[in-house]
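Report on the structure
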Amino acid sequence: QVQLQESGGGLVQAGGSLRLSCAASGSAFSINAMGWYRQAPGKQRELVAQITKGGSTNYADSVKGRFTISRDNTKHTVYLQMNSLKPEDTAVYYCNADATYYSGISARGWGQGTQVTVSS
C-alpha cells in the first residue's frame with residue numbers, strides 16, 4: 001500500500017483560500033490516479049476531485065469553479081487549490097492514490113487526513 005501524507009489544511013475565513021498537498025512516499029512505483037475526498041462530522045465521505053496520470057479531472061458539483069486539482073507525476077504529489085471557501089467546505093480532507101509498482105503489483109493508499117475549517 002502506498003503511503004500518503006497530506007498537508008496544507010487550516011482555519012480560514014469564508015472567501016479565503018487554501019492549497020492542500022499530498023505526497024506519496026517510497027519509490028519504484030508509478031501513480032495511476034490520485035484524488036481528494038472529504039468527510040464532515042456525521043456525514044459520509046465524498047469525492048471532491050480526482051486526476052488521472054493523463055491529466056483528466058473530475059470535480060464534485062459543489063466545488064466546480066472554486067477548486068482546482070493538479071498533479072506532479074515526477075514528485076508523486078497531488079495538489080488541491082481551494083478558493084472562495086465556504087463554511088460548508090469544512091471537513092477532514094483525505095488524499096487517495098492508486099499505484100502500480102515497477103514489478104507490476106498494484107497498490108492503493110489513503111492519507112491520514114488534514115482538517116480544513118472555514119469560519120462564517
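Residues numbered from 1 in each chain as written. Predicted model: local features only at pLDDT ≥ 70, side-chain atom pairs only at ≥ 80, totals over all residues. Heavy atoms only, no water.

Here we look at the sheet that holds strand β7 (residues 67-72)
- On the basis of which strands lie adjacent, the open sheet formed by 4 strands has the order β1-β3-β8-β7 and antiparallel pairing. Whereas interior strands pair on both sides, the edge strands pair on one side only; in this sheet they are β1 (4-7) and β7. Neighbouring strand axes in the sheet, compared pairwise and without regard to direction, differ in orientation by 15° on average.
- Pairing of β7 with strand β8 (residues 77-82), which is carried by 6 bridges, proceeds in the antiparallel orientation. Among the inter-strand pairings, Ile69 is bridged to a residue of β8, identified as Leu80. (Pairing = 2+ DSSP bridges. Helix = DSSP H or I, 4+ residues; strand = E, 2+ residues; numbered from the N terminus. Axes fitted to C-alpha atoms, helices over the stretch in contact; angles between N-to-C directions.)

Some thoughts on the environment of Gly10
- Along the chain, Gly10 turns up in strand β2 (residues 10-13).
- The exposure class assigned to Gly10 is partly exposed, which follows from its relative accessible area of 23%.
- Placed 108 residues apart in sequence, Gly10 and Val118 show a C-alpha to C-alpha distance of 8.4 Å.
- Not counting the four nearest positions on each side in its chain, Gly10 is found in contact with Leu18, Gln115, Val116 and Thr117. (Buried < 20%, exposed > 50% of the residue type's maximum accessible area, 1.4 Å probe, protein only. Contact = heavy atoms within 4.5 Å.)

A word on the side chain of Arg66
- When you line up the elements, Arg66 lands in the loop between β6 (57-59) and β7.
- A polar contact of 3.0 Å, which involves the side chain of Arg66, links it to the backbone oxygen of Ser84.
- Beyond its immediate chain neighbours, meaning those up to four positions away, Arg66 contacts Gln81, Met82, Asn83, Ser84, Leu85, Lys86 and Asp89. (Polar contact = N/O pair within 3.5 Å; in protein donor to acceptor, adjacent residues only side chain to side chain.)

Observations concerning the side chain of Arg71
- Along the polypeptide, Arg71 turns up in strand β7.
- This buried residue, Arg71, is left without a salt bridge; Asp72 holds the nearest opposite charge, at 8.0 Å.
- A polar side-chain atom of Arg71 sits 3.4 Å from the main-chain carbonyl oxygen of Asn32.
- Of the polar contacts made by the side chain of Arg71, one reaches the backbone oxygen of Thr52; its length is 3.3 Å.
- Not counting the four nearest positions on each side in its chain, Arg71 is found in contact with Ile31, Asn32, Ala33, Met34, Ile51, Thr52, Lys53, Thr77 and Val78. (Lys, Arg positive; Asp, Glu negative; His and termini not counted. Salt bridge = Lys/Arg side-chain N within 4 Å of Asp/Glu carboxyl O.)

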